[in-house]
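A look at the structure
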Amino acid sequence: MLINFILLFLFAGVPYYIYFEKTKKLKREQIFFLSTFLLLFGIILDSIFPQEISMPFVIVAFMSSLFTLYQANKTTNLYKLAYYVLFFNAPILIMFKPEQSVLYALSLLLTLFGLYLIAKYYERSYGSANYQSVSGITLMTPYAGLFLTTYLTALALYPPFPNSILFLHGILATDMNAILYFIIVVIFFGNFLIAARVMAKTVFGKPNDNIHYIDLTSKEKRLHLALVIVLLMLSIVGLKEVLA
Amino acid sequence: MSILEKLNAVKDTVPHYWPIGAFIHHNPLKGFEHINFKEALDEAQSIFGGQVYMKPDYYISLFDEGKIKAEHLEKNLLKPLKEFGFDAFTKEAKEFMLDISPKWDSFRSYEELKINDIDDTLHTYLEENSIFMDKEAWIQSLTKNLTLYEIHDALFATSDKELIEKDVIEYIARFLDDNQTTLSMADRDLGMFNTFKLYENIDHDGDSESYVQKVLEKLKVKDIEKYFLTHILKLHGWAGFIKYRSEDDTYYAQQDHPSTLMDYMAIRLHFEQKYIAKEKINNFDILYSYIDTHKEYTILKLLQSKGKLTGIYNDAMEDTQDYKEILGAYVKDEINLDSLQIQLAKKSLPSLNLSLIEFSNFVNLLKKEEGFLWLKSLEDTYIIEHVNAFTSPQSYDKKPLSSTIFCLDVRSETMRRKLEESGPYETYGAGGFLGIPISFVEFDKAHQLNLAPAVIKPENIVFEIPVEAHEEYNAKQGINKTYKKVLSDLKNNPYTPYIMVEAIGWIFGIKLFGKTFFPEKTNALFNKMKPKKPKTTYTLDKLTNMEIEAYVKKLHINIINEVLITLSDAALSDPQIELLWEHLALDKELNVKISSILVEKLKYAYHINPQDYELQKEKLAHVGFTHDEQVMYVENLLNMIGLVNNFSKFVIISGHGSLSDNNPFESALDCGACGGSISLPNARALCMIANKKEIRQKLKDKGIDIPSDVKFIPAMHVTTTDEITFYDTDILDKEELEIFSTMEKDFKKASFKAREERAIDLPNTNEQKDLFIKTMDWSEPRPEWGLAGNMGVFAGPRDSCRHIAFRNRLFLHSYDSSIDNKNADLLTRIFDGPLVVGEWINLEHYFSTVDNKVYGAGSKVYHNVVSKIGVYNGNYSDLKIGLPTQSVITEGEAYHEPVRLLTYMEAPLETVGKAVENSIAKDFILNEWIRPIIIDKEAKKVYSYEYGEFIVIKELE
């Protein structure tokens, strides 16, 4: 029971970001790192002390997830979006068995790290990680557009990125019931909606004439490329798992 | 002022938009031509937004290339500097324009703000003079040209605009459809608004005007005129098209299903009212009272919707509700950035002895004026260069073998030059449509093509008729037409494509594969399948009254026969049919036994009645020309170009056209002065007339003696490949044919050389073959450069410009002022036709280049043909006006060099003055939408018309 409660907290099943956002004790990127760190810690804990699925905790995480979905659809800040997506996916991490949970969490964290790097690039180029005014980047900054599209596609659970494959793998390995199916469907479409909404306002849309667009530096390009390669390798692992 | 008058007062803000099938180049700011060019551009910018000049970087690179000379820039700079007392700082002003202006935006940097102190005095000065201090004025400027639903969307994150515009476009695209769909909208004959009432189930008894009045009252619109303009600007392409068709009674679609701009306005306002009624803030009164109590929030949301709020403020908006504080920080930062910009710019000009406040005014003046100053300096540099070339003495052999009169177009320049270089040939340029406006009905076609500038409505109809057997042609053509009709019906029907793709989709694959990988062979194969058109001639002479009556009678009797055979068993003899016709058409007593139902059917369903009889007679009365008209057109043409004696053996009149595949903008590459069609029919008609003995006799009486052995031969210049094809050469005898074929070889050589020169400028063209492939390549977005690059017109003798290689950039109109009369009628005619069309072409290219988003059509890649009247982006968007990016831009850089039409006239100043006074072009000439330059060889002076006066720019020796 106690370990379940701890995992609920570590897997981002409790929206503790509200506290930090309100008090401003941590910056947005710090909240992202904190939740990432806690999640990693949770994964380790879960591997050491494997737990059965606890429905009440899944439901609590799902309630928190719905609230986070609402928050994610309100924000235009990429840092915030990164940890919102993490919190939104919490029920899945709690539902899945440790082996599947580890893989899905890993792919999610890698993708969100990519999104975090894009947020960092936004901050450097446009003064903030807020994308509200920075639309049409595919036309203006094709490299940034390409990598952001990749991360958002992965988050939207599109193959061949690992998130979708490992998501499927997790479902196949879990003993499902009606409630879990319902949660799975909501999380699946929620991820898609969040990513599609951001895509419409960033990679697509008309470029803003008031903004001087700056593309990724070559160092950033290399870093993103490495990240995408790792993601694709994870896809292969996921595919092998699914086929097995 | 009535509602209609208010709409009429603003409708000219958008130009006419003609259907794309007959693409007419036009000035997108036509409605502003009553104002001076520079002022008009400022006003247009405040209405449409976007750019009206190229960016400083562009001009600076031209300056570096030497295309803009420093002396012209300095001279032009002096005028505004003097006006504002900065004339002592010309050197610094030039330095600012060259070195600092390109970096101007980079001075407004948050990073720099962290490390630089802001001057308090300057900050206070800028603050006092900024709009930020007056929130009401600020809101007013932010809501300028915004509809109620747009403001609502901005304030409350709704998406009414998307829904409203989509609904508007869906309805009007369906209503205005010109046979693109097989399922047309029903009841269109009721008119746009009345049909709309049926579709939207609107319970309103009055017309569109009264409906508009009703909705405006509901929305509580204060300034109706302004609101009409706001709505027109939302989809100004569609508005421009509806405006065009509502003002052209002869446009057949307008006759069939009429529409007015008021109908369009009613539709727009209906949807606005429909969607906004669901919102809490659903009229301007409620909106204004909301804004009154939420000024800061309103400003921030409006700034956000316009993309003017940077990330940090967007974050702040998300995190806190204290909008006053956020706006305060924004204003502070903005003024700090403005101050910083000025301070850093001042630092870059250490020699300038001005206070920061004075410098701020100095810089503001330069930033406001720089676009125009660069443009004028570029034009001035070209003008001096051209004038020097035009006035350097040249002489040429006066006994050429042929004189080729080219239908005026920049694209004939290279060809003319190469032709003159290839042998004893001289060339002339004559105003497009060759001065003969005709309504042409091609053989085997049913519709009339107006081959004249859009402003002229041809009074004479010319039919193309075969002069040899054409049964085989008819049979093949019949099969082709049926095949095309079946395919088109299958493709456009909403249900059949499901089956069609599976069943016969692969057939299209052959064409697709062939056209992609073997364009030449595929093209040759399909050409073989096309029937060969028989030799034809034109109906050029007027019919006599008796002939007209006989034709109409024959037509009616044929219809009666057809009806009797198909609908009735009554067998009538020929005299009886004649009596029946007399009863129907001439209202004579009926002396034939026939059912009254059939008689009624013939009268009303088949229109055989006295009214139709008169109508048909009137129509036929327009066929052909009277002898006097024929003489007049040939005389006008020859006089206009100054070819009145010393005729060569062959006078070739060449029309022009373009060849391309899968190109909705194809007609933009044809003859602009022929309503976007090829000008071959005009050339053929003129040659046929000029070869008539009786016409030559009458011309001789008028002082133009064309020897009997001179032959007029029509030709067609294909601008994509620079090939010239001759027509009607069967009038030549054997001896003439021999000489002609030698000449033809020289024409071919000239074509080869012209292609060689042109290929250099055309992307992906390594050899001559590539130019031909471009005509058949369905994926080619740029089959030729068309009129891109056009920069001027020269009206004067060819000898003055024959030695200059303009590389297809000037319209060269032949004109001899010595044969013009005191009233300058010839020059006036050039102004009224070619100059008007030239200005439209020039300014369309200008604006499509300076801001393709606002004035152009965007990339061809996203275009879809809509309703067969134009193109739009994707599934729905505004109708794209102007030229696509591929027509003026290459690899992100402007290919077309945007300058006003440099209009050189070799004539006495007095003659030009008369022509300007008499011309319909007076407004845009005097308001400097073109750059008039007069080369007065009699007075030995060259004048330029600028800032409202003639200035001598060169004294001739």
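Quick caveat: nothing in here was measured; it's all calculated off a predicted structure.

1. Thoughts on the overall build of chain A
- Per the secondary structure count, chain A includes twelve helices and zero strands.
- In chain A, the succession of α and β elements from N to C terminus is α-α-α-α-α-α-α-α-α-α-α-α.
- For chain A, the C-alpha radius of gyration of 17 Å lies close to 18 Å, the compact-globule estimate for 244 residues.
- If you line up chain A on its principal axes, its C-alpha atoms span 55 × 45 × 30 Å.

2. Description of the overall build of chain B
- Across its full length, chain B carries 39 helices and 19 strands.
- Taken along the three principal axes of its C-alpha coordinates, chain B extends 100 × 80 × 55 Å.

3. Focus on the sheet that holds strand β19 (residues 949–955) of chain B
Residues and elements named next belong to chain B.
- Pairing is mixed in the open sheet, where six strands are placed in the order β11-β10-β16-β17-β18-β19. The sheet terminates laterally at β11 (810–814) and β19, the two strands that pair on one side only. Averaged over all neighbouring strand pairs, the angle between strand axes comes to 20 degrees, with direction disregarded.
- Examined bridge by bridge, strand β10 (residues 792–796) and β11 share five bridges and lie parallel to one another. Among the inter-strand pairings, Phe-794 is bridged to a residue of β11, identified as Leu-812.
- Packed onto the sheet, helix α38 (residues 909–918) meets β16 (901–906), β17 (930–936), β18 (941–946) and β19 and runs at close to 145 degrees relative to β17.

4. Some points on the sheet that holds strand β4 (residues 449–451) of chain B
Residues and elements named next belong to chain B.
- Strand order in the open sheet formed by four strands is β4-β3-β5-β6, with mixed pairing between adjacent strands. What marks the edges here is a single partner per strand, and that holds for β4 and β6 (536–538). Taken over all neighbouring pairs, the strand axes of this sheet differ in orientation by 30 degrees on average, direction set aside.
- As paired elements, strand β3 (residues 438–441) and β4 share three bridges and run antiparallel to each other. Along β4, the bridge assignment pairs Phe-440 with Leu-449.

5. Things to note about the interface of chain A and chain B
- Listed as interface residues are 13 residues of chain A and, on the opposing side, twelve residues of chain B.
- Tallied by class, the residues present in the side of chain A that touches chain B amount to two nonpolar, eleven polar and no charged.

6. Examining the pairing of β11(B)
- Taken across its five residues, β11(B) has five buried, putting it largely inside the fold.
- Alternating positions in β11(B) separate into two faces, Leu810(B), Leu812(B) and Ser814(B) on one and Phe811(B) and His813(B) on the other, with burial throughout.

7. Considering the nonpolar core
- Counting residues in each nonpolar core, the largest one holds 215 residues, and the members touching the most others are Val634(B), Leu686(B) and Leu827(B).
- Take this core: its biggest share by element is 13 residues, from helix α35 (residues 825–850) of chain B.
- Of the residues that make up this core, three or more belong to each of domain 1 (1–52 + 785–957) and domain 2 (159–278) of chain B.
- Those residues within four positions of Leu686(B) in sequence are excluded, and the remaining contacts are Leu434(B), Ile436(B), Tyr633(B), Val634(B), Leu637(B) and Ile653(B).
- Judged by nonpolar contacts, the second largest core, of 73 residues, contains Tyr17(A), Ile92(A), Tyr131(A) and Leu148(A).

8. Details of the packing of helix α30 (residues 627–641) of chain B against helix α31 (residues 680–690) of chain B
Residues and elements named next belong to chain B.
- Running from N to C, α30 and α31 point in directions that differ by 105 degrees, and their axes come no closer than 10 Å. When the interaxial angle is binned, α30 and α31 end up roughly perpendicular. Residues Gln-630, Tyr-633, Val-634 and Leu-637 of α30 lie in contact with α31, whose contacting residues are Leu-686, Ile-689 and Ala-690.
- Residue composition of the contact of α30 with α31, grouped by class: six nonpolar, one polar and no charged.

9. Comments concerning the environment of Leu229(B)
All names here are of chain B.
- Residue position: Leu-229 is located in helix α13 (residues 224–234).
- According to the C-beta neighbour criterion, Leu-229 is partly exposed, with 19 such atoms within 10 Å.
- Expressed as a C-alpha distance, the spacing of Leu-229 and Leu-7, which sit 222 residues apart in the sequence, is 7.9 Å.
- Beyond its immediate sequence surroundings of up to four residues, Leu-229 is in contact with Val-10 and Thr-13.

10. Structural notes on the pairing of β3(B)
Residue and element names in this part refer to chain B.
- Because side chains alternate across β3, one face comprises the buried residues Ile-438 and Phe-440, and the other comprises Ser-439 and Val-441, equally buried.
- When β3 meets strand β5 (residues 460–466), the two strands line up parallel, connected through four bridges. Considered in β5, the bridge of Val-441 is made with Phe-463.

11. Some remarks on unusual backbone geometry
- In this chain, Pro159(A) is followed by Pro160(A) through a cis amide linkage whose omega measures 10 degrees.
- With respect to the helices and strands, the residue Pro160(A) is situated in the loop between α9 (142–155) and α10 (162–173).
- Here the phi dihedral of Ala12(A) falls at roughly 70 degrees; this positive angle occurs in a residue that is not glycine.
- Along the chain, the position of Ala12(A) falls in the loop between α1 (2–10) and α2 (17–23).
- Exposure remark for Ala12(A): the 30 C-beta atoms within 10 Å place this residue in the buried category.
- The phi torsion at Asp587(B) lies on the positive side, around 65 degrees, for a residue other than glycine.
- With respect to the secondary-structure elements, Asp587(B) resides in the loop between α27 (574–586) and α28 (596–605).

12. Some details on the domain arrangement of chain B
- Looking at the assigned domains, one finds that chain B contains domain 1 (1–52 + 785–957), domain 2 (159–278), domain 3 (469–534) and domain 4 (545–621).
- Spacing between the C-alpha centres of domain 1 of chain B and domain 4 of chain B amounts to 52 Å.

13. Focus: α10(A)
All names here are of chain A.
- Taking 1.5 Å as the rise per residue, α10 with twelve residues should run 16 Å; its terminal C-alpha atoms sit 16 Å apart, in good agreement.
- Restricting attention to buried positions, one finds in α10 the residues Pro-162, Asn-163, Ser-164, Ile-165, Leu-166, Phe-167, His-169 and Gly-170.
- Contact partners of the buried residues in α10: α6 (90–95), α7 (98–126), α9 and α12 (218–243).

14. As for the environment of Tyr895(B)
Residues and elements named next belong to chain B.
- Within the fold, Tyr-895 resides in the loop between β15 (893–894) and β16.
- Separated by 194 residues in sequence, Tyr-895 and Asp-701 place their C-alpha atoms 50 Å apart.
- Tyr-895 has contacts with Trp-785, Ala-788, Gly-789, Val-888, Ile-889 and Thr-890, leaving out every residue within four places of it along the chain.

15. Quick notes on α27(B)
All names here are of chain B.
- For α27, spanning 13 residues, the distance from its first C-alpha to its last is 17 Å, which sits close to the expected 18 Å at 1.5 Å a residue.
- Taken as a whole, α27 has its buried residues at Leu-580, Trp-581, Leu-584 and Ala-585. Seen from one end, α27 has its buried residues packed into an arc of 115 degrees, which puts them on one side. The exposed set on the far side of α27, more than 90 degrees from its buried face, consists of Pro-575 and Leu-586.
- Against α26 (545–567), α28 and α29 (610–621) lie the buried residues of α27.
- Two residues or fewer after α27 comes Asp-587, characterised by a positive phi angle close to 65 degrees.

16. Description of the packing of α7(A) against α10(A)
All names here are of chain A.
- In the contact formed by α7 and α10, the axes pass within 9 Å of each other and the chain directions differ by 160 degrees. One finds that α7 runs roughly antiparallel with respect to α10. Viewed along their axes, α7 and α10 form a crossing whose handedness is left-handed. Contacts between α7 and α10 involve Gln-100, Leu-103, Tyr-104, Ser-107, Leu-108 and Thr-111 on the former and, on the latter, Pro-162, Asn-163, Leu-166, Phe-167, His-169, Gly-170 and Ala-173.
- Its residues placed into classes, the contact of α7 with α10 shows seven nonpolar, six polar and no charged.

17. Re the confidence of the model for chain B
- Across chain B, the average pLDDT comes to 92, with 100% of residues at or above 70.
- Model confidence for the complex: the whole-complex pTM is 0.89, and ipTM, which rates the interface, is 0.90.

What counts as what
- Residues numbered from 1 in each chain as written.
- Chains lettered and ligands numbered in written order.
- Predicted model: local features only at pLDDT ≥ 70, side-chain atom pairs only at ≥ 80, totals over all residues.
- Helix = DSSP H or I, 4+ residues; strand = E, 2+ residues; numbered from the N terminus.
- Rg over C-alpha atoms; globule rule 2.2 N^0.38 Å.
- Pairing = 2+ DSSP bridges.
- Axes fitted to C-alpha atoms, helices over the stretch in contact; angles between N-to-C directions.
- Contact = placed C-beta atoms within 7 Å.
- Nonpolar A, V, L, I, M, F, W, Y, C, P; charged D, E, K, R; others polar.
- Buried ≥ 20, exposed ≤ 12 C-beta atoms within 10 Å, placed from the backbone.
- Core = buried A, V, L, I, M, F, W, Y, C linked by C-beta atoms within 7 Å.
- Domains from an automatic or database assignment.
- Parallel < 35°, antiparallel > 145°, perpendicular 65-115°, else oblique.
- Expected span 1.5 Å × (residues − 1).
- Arc of directions from axis to C-beta.
- Left-handed = near helix turned anticlockwise from the far one by under 90°.
- pLDDT = per-residue confidence, 0-100.

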